[in-house]
Amino acid sequence: MTTLGVASVVIYGAMFIVPGDPATLLVGGSKPNPEALAAVRRQFHLDDPFWQSYLRWLSGAVRGDFGVSLVYRSPVSDLIASRALTTILLVAYAAIVIVIAGVGLGVLAAWKEKRAGVVITMATTVMMGAPTFVMAVIFVAVFATGLGWFPVFGAGSGLTDRLWHLTLPAFALAFSWIAYVAQVTRAAVRDEIRSEHVDTAHARGVPERLILRRHVLRNASGPILTVSGLTVAGLFAGTAVAEQAFGINGIGALLVESAAKQDLAIVQAISLVLVAAFVVVNMLVDLCNALLDPRAAGRAAR
Amino acid sequence: MSALLSIDRLRVELPAAKKGMRTVIHDVSLDVQAGEAVGLVGESGSGKSMTTRAVMRLLPEGARLSGEIRFDGISIPGMDRRALRRWRATRVGMIFQDPRAHINPVRTIGDFLFEGVMLDGRLSTSQARERISHLMRAVGIADVDRRLNQYPHELSGGLLQRVMIAAALTTEPELLLADEPTTALDVTTQEEVIAIIDELRRERGLAMLFITHDLDLAAAVCGRIAVMYAGSIVEEQKADALGLATSHPYTKGLLAARPELGRRERRLQTIEGRPISAFEVGDGCAFATRCPRVRDRCRQERPAPTQVPGGRVACHFIDFIDAAAGSPAVGSGGGTR
């Protein structure tokens with residue numbers, strides 16, 4: 001909650017500092033007449049002192065009213081809501097890909113250290129250096145225009161069609177994060193494999209599979225979950241690039257577009273929503289960690 | 001001779017930090033008969049823990065093992081995965097030094113205990129429960145039901161080691177490997193835990209290999225004691241015959257170094273020099289660098305174990321007149337891998 005409060009001030013404050021006068025933009029023309037400017041300023045409360053306008057904005061925000069877009073001239077919340085589903089779908093898709101592929105590769109690399117480990121470590125190191133926009137270009141070239149398996153553009157309609165459209169963006173978005181999660185998973189799992197209680201399990205004749213599940217993965221799940229959570233939370237911001245590259249009309253694309261047009265109300269609202277998503281995901285991760293590790297639960301209770 | 005556990009000329013090499021291999025255990029031979037308790041005593045780094053790890057096949061990755069370890073006539077290094085798992089799960093129990101590190105911290109005591117019993121597959125849940133609560137009371141844990149639902153961090157070290165002992169006994173093994181079971185505990189708890197191990201072992205007629213750095217402790221619970229130095233067993237004796245004239249100079253040094261209660265000493269006795277590691281030993285006797293009675297022969301030739309009354313000693317110059325008449329006690333046979 002505190003995080004959100006601080007973030008809201010920073011976000012709103014940043015918009016005040018940004019150079020350029022939104023009023024000029026709104027009225028249009030190279031030499032706007034002063035009366036029109038003043039009218040616009042009054043309409044959008046552009047001349048109010050910072051705290052006053054911040055509080056007005058905040059009280060609206062908690063009620064879900066982020067004001068009116070200067071460019072679209074329609075309520076910001078409507079603009080976001082109509083695009084939210086696409087973005088949430090994209091993030092969820094990418095998150096699932098990241099968690100499955102990242103954790104899977106990481107565990108495999110740690111468990112079969114000699115064979116798979118070396119290859120996976122090398123591959124993921126390369127993958128980590130590949131940003132989303134590069135992967136987007138490569139994916140489009142290979143799978144969309146080259147092989148023609150996936151569409152180049154758009155978000156589609158209906159669930160299966162949407163998923164089909166979102167496959168390339170999701171993988172492009174997920175690509176370097178898979179490597180990141182894989183490497184953290186590998187380190188966490190390897191530490192657990194070498195831990196003494198795993199020796200005990202071996203000495204007691206517990207089958208390998210059970211050791212992996214009960215004593216290695218269970219114990220390594222803390223750091224894996226934390227990193228996965230942070231990654232997924234970070235995806236909300238990362239979708240801007242993927243949406244732009246694939247021409248998907250989501251929140252990320254809206255953010256980029258609005259920032260370019262200095263549509264402050266939208267930028268503020270989306271930034272706040274992103275921070276909120278981040279905070280919520282992190283809270284969920286902490287909650288899960290407490291459930292997974294009795295020691296953490298004990299600490300939290302105290 | 002059919003010992004329950006028979007270690008024959010065991011040699012373990014570990015990959016060194018830079019290149020090549022380092023010998024950490026050098027020609028160790030030791031038998032444990034069914035129902036017998038044998039103490040394996042030595043300083044840290046002498047290879048006693050590594051010996052138990054070799055027996056359990058828990059050696060670190062890249063370790064090279066030669067010689068033979070047999071359990072009830074079956075070669076342990078020769079077992080396949082399945083047989084090894086079966087053997088570990090049913091016929092041998094291990095108690096580790098630090099229960100806090102050796103019990104999974106995120107699972108309950110009950111999970112830990114049940115895991116061992118249920119692997120066997122022969123017991124129903126209620127039978128397993130019966131056996132576990134019986135054992136927990138036997139190791140002196142009163143409120144069984146509450147403890148089963150607790151996590152390791154909620155129990156004291158002493159209590160946790162009792163849980164470990166109970167866990168080692170749940171599968172009714174024939175051999176118990178205890179690797180410094182009390183080193184991580186405070187002194188008053190140590191005594192209780194040792195008493196529990198000793199009592200339960202005698203009741204059940206279990207064989208035990210007891211690893212410790214404490215000669216007195218070993219002598220208290222074991223019938224026979226093997227003293228290790230720098231990766232070799234320098235002496236093997238009946239517990240009550242330790243320190244007699246026939247003893248190895250190292251054993252004598254260890255015994256002399258013990259402070260005695262009620263007698264104020266100006267200075268604690270020590271053995272001259274520093275303990276060396278197994279890989280530093282050359283061709284000669286491992287103890288040659290520190291031995292008060294060292295001669296040229298000791299530096300050139302490794303002494304073979306020689307029979308003395310009550311045991312065997314690996315020294316060229318034992319104060320026993322007929323030492324030369326004794327035959328080396330190393331068992332015969334046993335192929336290497």
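What comes next is a walk through the structure.

**Section: the pattern of salt bridges**
Across all of its chains, the model carries 22 salt bridges over all chains by this definition. We note a salt bridge from Arg 81 of chain B to Glu 208 of chain A, for which the minimum N-O separation is 3.8 Å. With Arg 81 of chain B in helix H2 (residues 81-90) and Glu 208 of chain A in helix H10 (residues 208-246), the pair connects residues from two separate chains. When its relative accessible area of 64% is taken as the criterion, Arg 81 of chain B is described as exposed. You can call Glu 208 of chain A partly exposed: its relative accessible area is 31%. Between Asp 143 of chain B and Arg 147 of chain B there is a salt bridge; the shortest N-O distance is 3.5 Å. Take Arg 147 of chain B: its relative accessible area is 14%, and that puts it in the buried class. Overlapping salt bridges, with partners in common, bring together Arg 204 and Arg 214 of chain A together with Arg 107 and Glu 115 of chain B in one network.

**Quick notes on the sheet that holds strand E5 (residues 74-75) of chain B**
Residue and element names in this part refer to chain B. The strand order across the open sheet built from four strands is E2-E1-E4-E5, with neighbouring strands paired in antiparallel fashion. Strand pairing shows two members of the sheet lacking a second neighbour, strand E2 (21-32) and E5, which therefore form its edges. Two strands pair when backbone bridges link them, and strand E1 (residues 5-15) and strand E4 (residues 64-71) are joined in this way by seven bridges, in the antiparallel orientation. Bridge assignment links Glu 13 to a residue of E4, and that residue is Arg 64. Running at roughly 105° to E1, helix H1 (residues 48-56) makes contact with E1, E2 and E4 of the sheet.

**What about helix H5 (residues 76-111) of chain A?**
Under the 1.5 Å per step criterion, the end-to-end length of H5 of chain A is 49 Å for 36 residues, consistent within 8% with the ideal 52 Å. Largest kink in H5 of chain A: about 40°, centred on Ala 84 of chain A.

**So, the packing of helix H8 (residues 159-193) of chain A against H10 of chain A**
Residue and element names in this part refer to chain A. Where H8 meets H10, the axes come as close as 8 Å, and the angle between the chain directions of the two elements is 160°. Regarding the angle of H8 to H10, the classification is roughly antiparallel. For the pair H8 and H10, the sense of crossing is right-handed. Each residue belonging to the contact of H8 with H10 can be placed in one class, and the counts come to 20 nonpolar, seven polar and one charged.

**Some remarks on the packing of aromatic side chains**
All names here are of chain A. This model, assessed by the stated rule, comprises six aromatic pairs over all chains. Relative to Phe 171, the ring of Tyr 93 lies with its centre 6.4 Å away and its plane at 75°, an arrangement referred to as edge-to-face. Taken as a pair, Tyr 93 in helix H5 and Phe 171 in helix H8 lie far apart in primary sequence, 78 residues in all. In this structure Phe 171 comes out as partly exposed when scored by relative accessible area, which is 32%. Ring centres of Trp 177 and Tyr 180 lie 5.7 Å apart, and the angle between their planes is 75°; on these two criteria the pair is classed as edge-to-face. With Trp 177 and Tyr 180 both in helix H8, this residue pair falls three residues apart, about one helical turn.

**What to know about the interface of chain A and chain B**
With 21 residues of chain A at the contact, the number on the chain B side is 25 residues. Of all residues in chain A, Ala 203, Arg 204 and Pro 294 of chain A bury the most surface against chain B, accounting for 28% of the area lost on that side. Put simply, chain A and chain B have four salt bridges between them. Its salt-bridge partner being Glu 115 of chain B, residue Arg 204 of chain A comes within 3.5 Å of it at the nearest N-O pair. At the boundary of chain A with chain B, the tally comes to 11 residue pairs in polar contact (both at pLDDT 80 or more). Of all elements in the fold, only helix H9 (196-203), H10 and helix H13 (294-301) of chain A reach the threshold of two or more residues within the side of chain A that touches chain B. The residue makeup of the side of chain A that touches chain B, split by class, is six nonpolar, six polar and nine charged.

Cut-offs applied
- Residues numbered from 1 in each chain as written.
- Chains lettered and ligands numbered in written order.
- Predicted model: local features only at pLDDT ≥ 70, side-chain atom pairs only at ≥ 80, totals over all residues.
- Heavy atoms only, no water.
- Salt bridge = Lys/Arg side-chain N within 4 Å of Asp/Glu carboxyl O.
- Helix = DSSP H or I, 4+ residues; strand = E, 2+ residues; numbered from the N terminus.
- Buried < 20%, exposed > 50% of the residue type's maximum accessible area, 1.4 Å probe, protein only.
- Pairing = 2+ DSSP bridges.
- Contact = heavy atoms within 4.5 Å.
- Axes fitted to C-alpha atoms, helices over the stretch in contact; angles between N-to-C directions.
- Expected span 1.5 Å × (residues − 1).
- Bend = angle between axes of the 7 residues up to and from the residue.
- Parallel < 35°, antiparallel > 145°, perpendicular 65-115°, else oblique.
- Left-handed = near helix turned anticlockwise from the far one by under 90°.
- Nonpolar A, V, L, I, M, F, W, Y, C, P; charged D, E, K, R; others polar.
- Phe/Tyr/Trp six-rings, centres within 6.5 Å; stacked < 30°, edge-to-face > 60°.
- Buried area = accessible area lost by both parts, 1.4 Å probe.
- Polar contact = N/O pair within 3.5 Å; in protein donor to acceptor, adjacent residues only side chain to side chain.

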